[in-house]
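Letter by letter, the chains look like this.
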Amino acid sequence: MRRVGGVFDVEKDGIHFCHDGKLSSISLETNVHPGFMTDWQPPFVVLLTQAEGMSVVHETVFESRFGYVSELQKMGADIALYDTC
């Protein structure tokens, strides 16, 4: 979250995510623990649709994890899938 310009606070009833200013694009690769969990990838991609510039997300755990991308495109997200790195 900090890499894209956001902040978070851990509270007793959950985690509060926010940002002050613009979000930055990043390159991200999912991985098994202790890496970036593949379960976090879909909500993080939604966050990245609000970032300035082009982000790259490489999914290494589940082949069909990007099934939600077509729905984001229908909502106007500028997002594309590639089957090679």
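Structural data are supplied above this passage.
Structure report, in brief. (Residues numbered from 1 in each chain as written. Predicted model: local features only at pLDDT ≥ 70, side-chain atom pairs only at ≥ 80, totals over all residues. Heavy atoms only, no water.)

1. What to know about the side chain of T38
Right, on to step 1. Along the chain, T38 turns up in the loop between β3 (27-29) and α1 (41-48).
Right, on to step 2. Not counting chain neighbours up to four residues away, the residues in contact with T38 comprise T30, N31, E59, V61, F62 and R65. (Helix = DSSP H or I, 4+ residues; strand = E, 2+ residues; numbered from the N terminus. Contact = heavy atoms within 4.5 Å.)

2. Thoughts on the pattern of salt bridges
Right, on to step 1. Scanning all chains against the criterion turns up two salt bridges.
Right, on to step 2. A salt bridge links D39 to R65; the shortest N-O distance between them is 2.9 Å. Note that D39 is positioned in the loop between β3 and α1 and R65 in the loop between β4 (56-58) and α2 (69-74), a separation of 26 residues in sequence.
Right, on to step 3. Across the pair E71 and K74 runs a salt bridge whose closest N-O atoms are separated by 3.1 Å. Of this pair, E71 and K74 both sit in helix α2, three residues apart, which is roughly one turn of that helix. (Salt bridge = Lys/Arg side-chain N within 4 Å of Asp/Glu carboxyl O.)

3. Some points on the environment of E11
Right, on to step 1. Mapped onto the fold, E11 is located in strand β1 (residues 6-11).
Right, on to step 2. On a C-alpha basis, the gap between E11 and A77 in space is 31 Å, while along the polypeptide they are 66 residues apart.

Keep in mind these numbers describe shape, not what the thing actually does.
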